[in-house]
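Residues per chain are reported as follows:
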Amino acid sequence: MKKLLVIFLLCSSTFVFAQDLVTKKGVKILPEAKSFAFGLDATPILNFAGNMFNGDNNNYFRLGMLRGLSINMKYLKSENMAIRMAINPMLYSFKTEDLVENDLIPPGDPYNNAKVSDITISKNHGLVVYGGIEKRKSKGRMIGYVGADLGLGFANDSREYSYGNEFSASNPYPTSTYHGQTYDGYRVTSYTAGFTFISSLRPFVGLEYFICPNISVSAEYGILAELRVKKQGEATSELWAPFTQQIREQTTAIGKEMIFDIQGDNLNGAVGLYIYF
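Anyway, here's the lowdown on the structure attached to this text. (Residues numbered from 1 in each chain as written. Predicted model: local features only at pLDDT ≥ 70, side-chain atom pairs only at ≥ 80, totals over all residues. Heavy atoms only, no water.)

As paired strands, strand 2 (residues 71–78) and strand 3 (residues 81–101) are joined by seven bridges and run antiparallel to one another. Of the residues in strand 3, the one forming a bridge with K74 is R84. Where strand 2 folds back onto strand 3 in an antiparallel hairpin, the turn is made up of two residues. Pairing geometry for strand 3 and strand 4 (residues 115–139), over 21 bridges, is antiparallel. Paired with L91 across the two strands is H125, which belongs to strand 4. (Pairing = 2+ DSSP bridges. Helix = DSSP H or I, 4+ residues; strand = E, 2+ residues; numbered from the N terminus.)

Quick look at the structure:
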């Protein structure tokens, strides 16, 4: 994948003079002060190209400030400084299916290995907004930069569980997928994390290469120091009550959390594409 990027940059350089920062038509390659830029994540394009050539469906190349579906913007206050912003919406729903033994099948039946499904539906939504400053220095079409971002945002996380084997008087302990927590012997049916407030500081260093007038590819590496403050959440769970011969449900409070973490935020790498105007 890295070879593809190098070839791409070399091919792009044929459209400009090697020494002068203008095209053959005299158009300036580097953006001027007071320019705006929008950034896109070029990783999916590179992954697609890599998979075409090597047949690897798991090809992954990521390096940069760009975070998934984030909207990235820059404003060149001067040739040596840029103000930047990224809006990172988080929204996903994911379904997981686990197969377990069907308790209705008599044990030891060699002719019937039917399974039932335990389903987990995980949902997450939130929003993080980043703002920062770049100090930039150019050499030809290449610009090196350093700076830092501040981030503020929130997140909510929840999971719902359903089971193929039901509780009953004849089956008070149904075969079920273990989800890491039983809550005093109860089988968990839902989990809702508390509202999470996110704040972060991210120093970074990067390179930006202009392949044609006002269009660049960029790569950067950052160290993310992040504080997450999570409010109280709750979990619901169930078990079979033998005295009442009914399913008993309970709600358990999930304690508050405060997590501080420092790590390299994009060790796998990513490539960004910026358009200035």
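Let us now look at the packing of aromatic side chains. Applying the stated criterion across every chain yields a total of six aromatic pairs. Aromatic side chains F38 and F277 sit 5.9 Å apart centroid to centroid with 0° between the ring planes, which places their arrangement in the stacked category. A residue pair is termed long-range when its members are at least 10 positions apart, and F38 in strand 1 (residues 36–41) and F277 in the segment after strand 12 (272–276) qualify at 239 residues. Centre to centre, the rings of Y145 and F204 are 6.0 Å apart; their planes meet at 65°, and the pair counts as edge-to-face. Residue Y145 is found in strand 5 (residues 142–162), and its partner F204 is found in strand 7 (residues 196–212); the two are separated by 59 residues along the sequence. Look at Y145 and you get buried, because its relative accessible area is 3%. Members of the aromatic cluster, each reached through a chain of ring pairs, are F36, F38, Y75 and F277. (Phe/Tyr/Trp six-rings, centres within 6.5 Å; stacked < 30°, edge-to-face > 60°. Buried < 20%, exposed > 50% of the residue type's maximum accessible area, 1.4 Å probe, protein only.)

Everything listed here is a matter of coordinates, which is why it stays silent on function.
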